[in-house]
Amino acid sequence: MLLPYLNKGVVEAGCDEAGRGCLAGPVFAAAVILPPDFSNELLNDSKKLTEKQRYQLRPVIEREAIAWAVGVCDNNEIDKNNILRCSIEAMHRAVRALKVRPEALLVDGNRFMPFEDIPHTTIVKGDGKMMAIAAASVLAKTYRDDYMMKIDAEFPAYNWRVNKGYPTRDHRKAIAQVGPCKYHRMSFKLLPEADAQLHLEFE
């Protein structure tokens, strides 16, 4: 059962990111302020939902939220600044874009940097505990998936339409065969040396 808020009477924005563990594409984040009486039986951690359920929920969240916004850091920023900083920066960008200023931030995970003077609380597995974080996880995931499907048309060899840039076998096989492209995170181990068996299978 997801909790509607951490502190009653406080305008809280839930924050979450998507794409942190990917080999290609940006990291997306979302910030969502839900009304205190918001209720939806389907809402949960986006990883526990089907793709169809996530896309079903997105317009509901966007329509019923007091405010919502999405922030992005691309693969070049990730290579320059590292993925943790960019995950947090993408959340900052989402919060900055909110049309209503929150009084507190609820952040999925255990790492965050303060945003201006707004107090924050990090919550491990918060997307499975708090409604606002779960809603943010749905928006971040679906908007990132949209982006990966769009650039899949430009580079179909990597099968991003299916793997969304994650380090799947087919994604790594394509990198081994055709090399990386402009959307890959060159600071990541695209083909880990430890995965020798994988290399052999690709030859």
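Residues numbered from 1 in each chain as written. Predicted model: local features only at pLDDT ≥ 70, side-chain atom pairs only at ≥ 80, totals over all residues. Heavy atoms only, no water.

As enumerated under the stated definition, the model contains 13 salt bridges in all. Between Asp117 and Arg101 there is a salt bridge, with its nearest N and O atoms 2.6 Å apart. Taken together, the residues span a long stretch of sequence, with Asp117 in the loop between strand S4 (104-108) and strand S5 (120-123) and Arg101 in the loop between helix H3 (83-97) and S4 at a distance of 16 residues. By relative accessible area, Asp117 is classed as exposed at 64%. (Salt bridge = Lys/Arg side-chain N within 4 Å of Asp/Glu carboxyl O. Helix = DSSP H or I, 4+ residues; strand = E, 2+ residues; numbered from the N terminus. Buried < 20%, exposed > 50% of the residue type's maximum accessible area, 1.4 Å probe, protein only.)

Moving on: the pairing of strand S3 (residues 67-73). Judged by which residues are buried, S3 turns out to be one-sided: Ala67, Ala69, Gly71 and Cys73 face inward and are buried, whereas Trp68, Val70 and Val72, on the alternate face, are not. In this sheet, S3 lies alongside strand S2 (residues 27-33) in antiparallel orientation, the contact comprising seven bridges. Paired with Ala31 across the two strands is Ala69, which belongs to S3. (Pairing = 2+ DSSP bridges.)

Glancing now at the nonpolar core. By size, the foremost hydrophobic cluster in this structure holds 24 residues, and its most contacted members are Cys15, Val27, Val95, Leu98 and Leu105. When residues of this core are traced back to their parent elements, those giving at least two are strand S1 (12-18), S2, S3, H3 and S4. Sort the elements by how many residues they give to this core and H3 lands first, with eight residues. Here Leu105 is in contact with Ala13, Cys15, Val95, Phe112, Phe115, Ile118, Pro119, His120 and Thr121, once residues within four sequence places are set aside. (Core = buried A, V, L, I, M, F, W, Y, C linked by side-chain atoms within 4.5 Å. Contact = heavy atoms within 4.5 Å.)

Another point: the side chain of Asn163. Along the polypeptide, Asn163 turns up in helix H5 (residues 160-163). Residue Asn163 is classed as buried on the basis of its relative accessible area of 6%. Reaching out from Asn163, the side chain makes a polar contact with the backbone oxygen of Tyr158 at a distance of 2.7 Å. Separated by 2.7 Å, the side chain of Asn163 and the backbone nitrogen of Gly165 make a polar contact. In contact with Asn163, other than residues within four places in its own chain, are Tyr158, Thr168, Asp170 and His171. (Polar contact = N/O pair within 3.5 Å; in protein donor to acceptor, adjacent residues only side chain to side chain.)

Such coordinate-based values are descriptive only and should not be taken to indicate function.
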